[in-house]
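What follows is each chain in one-letter form.
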Amino acid sequence: MLQYLIKVYMKESIHINHEVLVWARESLALNQAQASESTGISPKRLVQLESGGKQPTLAELKAFSKTYKRTIATLLLNNPPKEKPFPADRRSIDSKELGYFHEKTIMAVRKARALAQSFVELREEMGMPFPKFNLSESLKNNPREVAEKIRQLLHLDEIREIEHVRIALEVYIERIENLGIAVFQLSLTQDNVRGFAIVDDLIPIIGIKRGGEQDHSKTFTLFHELGHILLNENAISDLSLNPQWEVEKWCNAFAAEVLVPSEELLRMDIVRSYQEQGQEEWLLKDLTELGRHFHVGPLAILRSLFEQKLTTAAFYKEKHKQWNKPPFARAKNSEGRDLAKEAVQEKGKTYISLAFMAFDQNRINIKDLSDFLGVKLSYIPKARQFLNA
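From a predicted model like this one, the values you see are computed outputs, not experimental measurements.

Notes on the packing of helix α20 (residues 349-360) against helix α22 (residues 380-387)
One way to put it is that α20 packs onto α22 with a least axis distance of 11 Å and a crossing angle of 125°. By the angle class used here, α20 and α22 are oblique. You can see that α20 and α22 cross each other, and the crossing is left-handed. Contacts between α20 and α22 involve Lys349, Ile352, Ser353, Phe356, Phe359 and Asp360 from the former and Ile380, Ala383, Arg384 and Leu387 from the latter. When grouped by side-chain class, the residues that make up the contact of α20 with α22 number 6 nonpolar, 1 polar and 3 charged.

This is the structure we're talking about:
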């Protein structure tokens with residue numbers, strides 16, 4: 001009898017504003033055909049629901065909720081909520097593809113905004129509000145000069161003493177967060193996206209690709225996106241070899257100069273040796289050695305050498321194509337997912353440390369801690385273990 005009543009209830013029509021359904025679908029960049037296939041609701045029925053001609057059942061609302069990644073409570077709102085715009089598309093792709101993103105990319109940006117809100121709440125709970133970010137630059141400013149200011153402001157020369165690139169990346173992130181910016185490493189598996197910058201939220205946000213990237217590549221992306229923050233521009237980037245946007249060229253030049261100051265590079269013995277010999281084709285081992293000194297990869301060094309006219313465009317393009325393939329940049333991992341580890345990597349050690357500190361001081365309960373960490377209760381001990389590793 002109970003199961004019969006549940007089935008009847010699931011088929012009962014529920015009054016909603018049909019415009020909310022349209023908003024929820026479009027916010028994930030899905031057309032009606034894609035939504036129909038994903039929800040299992042027929043195209044005809046979907047049109048009826050979105051036009052207001054029919055009202056959905058609870059079962060259909062649950063299907064919409066799962067597909068659109070929205071709670072049922074959100075779908076029951078009286079009017080579509082106003083969402084902040086998606087970052088400007090700064091990828092170097094065909095113009096007809098600009099502005100169109102996979103739902104996983106959209107969800108990553110949406111998640112970053114939610115995490116920033118949680119980060120702000122955590123810091124306020126601990127009496128450590130985010131500092132006000134007050135730096136501003138323009139495309140008219142020389143990226144080399146801006147990079148030197150940032151290097152001095154963040155005391156980046158100190159980080160050069162750190163040998164392990166992963167640890168150096170964590171320190172770079174911490175220094176940037178101290179400016180009043182939230183930094184997250186997110187799963188960006190689609191659309192060839194390497195990172196994004198958001199300036200229209202509670203605080204500026206930088207998102208960088210977590211998986212499939214070496215730490216030195218993440219470091220370059222981090223400072224590239226900082227360039228967008230300085231220029232006060234929402235952007236989503238692929239850090240291409242030949243960007244079509246002037247802002248992307250500026251951010252590339254800025255990031256390169258922050259990490260590999262040209263004056264210092266030209267003083268390196270290896271570079272002087274190549275100059276003296278008039279050699280423009282560089283050995284990988286020499287680029288790698290230079291990269292270790294600057295916490296970047298060989299391609300970043302080669303990019304800087306190209307800017308200094310110490311290698312040819314043809315050689316640079318050839319090596320970029322050769323070395324930018326997944327086998328060169330990605331380490332194989334056969335162990336499967338470690339959700340606790342991913343949580344710490346995603347949110348950063350500062351965020352995770354604050355969450356545990358708030359819990360240890362009885363400011364939040366275990367359920368709150370689970371929510372802030374984004375892991376089940378059973379994973380919390382392992383997250384703490386990884387944090388302290």
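Some remarks on the packing of aromatic side chains
Throughout the structure, instances matching the rule amount to 9 aromatic pairs. Ring geometry for Phe119 against Phe184: centres 6.3 Å apart, planes inclined by 50°, an arrangement best described as tilted. Residue Phe119 is located in helix α7 (residues 103-125), and its partner Phe184 is located in strand β2 (residues 182-186); the two are separated by 65 residues in the primary sequence. By relative accessible area, which is 0% here, Phe184 ends up buried. Through pairs of rings, three or more aromatic residues link up here, namely Phe119, Phe130, Phe184 and Tyr351. Stacked on the ring of Trp245, the Lys or Arg Arg90 has its end atom at 4.5 Å from the ring centre. Against the face of Phe130 rests Arg123, its NZ or CZ located 4.4 Å from the ring centre.

Considering the pairing of strand β4 (residues 205-209)
The two faces of the sheet receive side chains in turn, since in a regular strand these alternate between them. The buried fraction of β4 amounts to 5 of the 5 residues, a majority that puts the element mostly inside the structure. A two-sided burial pattern is seen for β4, the buried positions comprising Ile205, Gly207 and Lys209 on one face and Ile206 and Ile208 on the other. Bridge analysis of β2 against β4 gives 5 bridges, and the strand direction is parallel. What sits directly across from Ala182, in β4, is Ile205. Note that strand β3 (residues 195-198) and β4 share 4 bridges and pair antiparallel. The partner of Ala197 across the bridge, within β4, is Ile206. Connecting the antiparallel pair β3 and β4 is a turn made up of 6 residues.

Cut-offs used in this document
- Residues numbered from 1 in each chain as written.
- Predicted model: local features only at pLDDT ≥ 70, side-chain atom pairs only at ≥ 80, totals over all residues.
- Heavy atoms only, no water.
- Axes fitted to C-alpha atoms, helices over the stretch in contact; angles between N-to-C directions.
- Helix = DSSP H or I, 4+ residues; strand = E, 2+ residues; numbered from the N terminus.
- Parallel < 35°, antiparallel > 145°, perpendicular 65-115°, else oblique.
- Left-handed = near helix turned anticlockwise from the far one by under 90°.
- Contact = heavy atoms within 4.5 Å.
- Nonpolar A, V, L, I, M, F, W, Y, C, P; charged D, E, K, R; others polar.
- Phe/Tyr/Trp six-rings, centres within 6.5 Å; stacked < 30°, edge-to-face > 60°.
- Buried < 20%, exposed > 50% of the residue type's maximum accessible area, 1.4 Å probe, protein only.
- Lys NZ or Arg CZ within 6 Å of the ring centre and 35° of its normal.
- Pairing = 2+ DSSP bridges.

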